[in-house]
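# A structural walkthrough
If you want the building blocks of each chain, they are given just below.
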Amino acid sequence: MTKHYKNLLYYIQRMVGDKEQAIDIIQETYAKALEKARDIEIKNEKAFLYKIARNIVIDQARKNQIREIVTYEEEDFSIPKNEQPDEIVLENVKEELLLEALNNLPKHLKQVFILHVFEGLEKKDIAKMMNLNLNTIQKYVINATAKLTEYIQEKNWE
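We now turn to the structure provided with this report. (Residues numbered from 1 in each chain as written. Predicted model: local features only at pLDDT ≥ 70, side-chain atom pairs only at ≥ 80, totals over all residues. Heavy atoms only, no water.)

### Observations concerning the overall build of the protein chain
Looking only at helices and strands, the protein chain has seven helices and zero strands in total. When the helices and strands of the protein chain are read in sequence order from the N terminus, they spell out α-α-α-α-α-α-α. Here the protein chain, with 158 residues, has 23% of them falling under the buried criterion. Carbon together with sulfur atoms contributes 50% to the accessible area of the protein chain, which is approximately 12,000 Å² in total. (Helix = DSSP H or I, 4+ residues; strand = E, 2+ residues; numbered from the N terminus. Buried < 20%, exposed > 50% of the residue type's maximum accessible area, 1.4 Å probe, protein only. Areas by Shrake-Rupley, 256 points an atom, 1.4 Å probe, with all protein chains shown as cover.)

Structure below.
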């Protein structure tokens with residue numbers, strides 16, 4: 001049976017367009033052929049191998065076609081994750097928790113954190129605006145982040 005390997009590989013590779021997939025199909029073909037050879041007498045090995053290989057290719061194509069249809073339908077009938085009701089509720093809860101955490105910060109840390117993170121201002125600009133040293137602003141951002149993280153971890157936000 002192995003004398004037909006190269007021709008069978010070429011035949012399958014032409015059908016599927018991928019050498020690795022063709023090799024996998026040949027392995028399955030030979031396994032099925034050897035299994036059947038125990039039960040029946042094979043008169044034309046070449047025709048028998050080609051028939052098994054062709055059937056395997058057809059079966060795989062059918063399975064892939066079904067998957068593509070399901071994927072396509074799923075994409076058409078699903079909404080983006082950020083628009084799903086449970087995600088909206090979760091985001092609202094996270095937002096409320098973050099606001100609660102921010103409100104528990106000392107005024108100076110809260111002000112610097114909001115300016116830097118939410119307003120997007122550079123630390124050096126905040127330092128000039130508040131008439132403080134750049135190192136002080138950096139420490140405020142670090143301390144605010146640490147306190148917010150600690151507060152959120154205590155509340156088990158995930």
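Back to the write-up after that little detour.
### Let's talk about unusual backbone geometry
Even without being a glycine, N131 presents a positive backbone phi close to 60°. Looking at where N131 falls in the secondary structure, it is placed in the loop between helix 6 (123-130) and helix 7 (134-154).

### With respect to the packing of helix 6 against helix 7
One can describe the packing of helix 6 onto helix 7 by two numbers: an axis separation of 9 Å at closest approach and a directional angle of 115°. It follows that helix 6 is roughly perpendicular to helix 7 by the angle criterion. In this structure, the crossing between helix 6 and helix 7 has a hand that is right-handed. On the side of helix 6, the interface is formed by K123, K124, I126, A127 and M130, while helix 7 contributes L134, I137, Q138 and V141. Tallied by class, residues from the contact of helix 6 with helix 7 come to six nonpolar, one polar and two charged. (Axes fitted to C-alpha atoms, helices over the stretch in contact; angles between N-to-C directions. Parallel < 35°, antiparallel > 145°, perpendicular 65-115°, else oblique. Left-handed = near helix turned anticlockwise from the far one by under 90°. Contact = heavy atoms within 4.5 Å. Nonpolar A, V, L, I, M, F, W, Y, C, P; charged D, E, K, R; others polar.)

### Quick word on the packing of helix 5 (residues 107-118) against helix 6
Packing of helix 5 against helix 6 leaves a shortest axis separation of 10 Å and a crossing angle of 135°. In terms of orientation, helix 5 lies oblique with respect to helix 6. The two elements helix 5 and helix 6 cross, and the hand of that crossing is right-handed. On helix 6, the residues that touch Q111, V112, L115 and H116 of helix 5 are K123, I126, M129 and M130. In terms of residue class, the contact of helix 5 with helix 6 is made up of five nonpolar, two polar and one charged.

### So, the pattern of salt bridges
Taken as a whole and assessed by the stated rule, the structure comprises two salt bridges. Residue E28 pairs with K32 through a salt bridge whose shortest N-O separation is 3.6 Å. Note that E28 and K32 are positioned in helix 2 (residues 19-39) at a spacing of four residues, about one turn of the helix. Overall, E28 belongs to the partly exposed group, its relative accessible area being 31%. You can call K32 partly exposed: its relative accessible area is 36%. With its nearest N and O atoms 3.8 Å apart, the salt bridge here joins D59 to R62. With a gap of three residues between them, D59 and R62 both fall in helix 3 (residues 45-77), about one helical turn apart. (Salt bridge = Lys/Arg side-chain N within 4 Å of Asp/Glu carboxyl O.)

### Looking at the side chain of T29
Within the fold, T29 resides in helix 2. Residue contacts for T29: discarding those within four places in its chain leaves L8, L49, I52, A53 and I56.

### So, the packing of aromatic side chains
Scanning the entire structure with this criterion turns up three aromatic pairs. Measuring from centroid to centroid gives 4.7 Å for Y11 and Y50, while their planes differ by 45°, and the two rings are tilted. Placement of Y11 in helix 1 (residues 5-16) and of Y50 in helix 3 is noted, with a sequence separation of 39 residues between them. Here Y11 and Y50 have matching classes, each one buried. (Phe/Tyr/Trp six-rings, centres within 6.5 Å; stacked < 30°, edge-to-face > 60°.)

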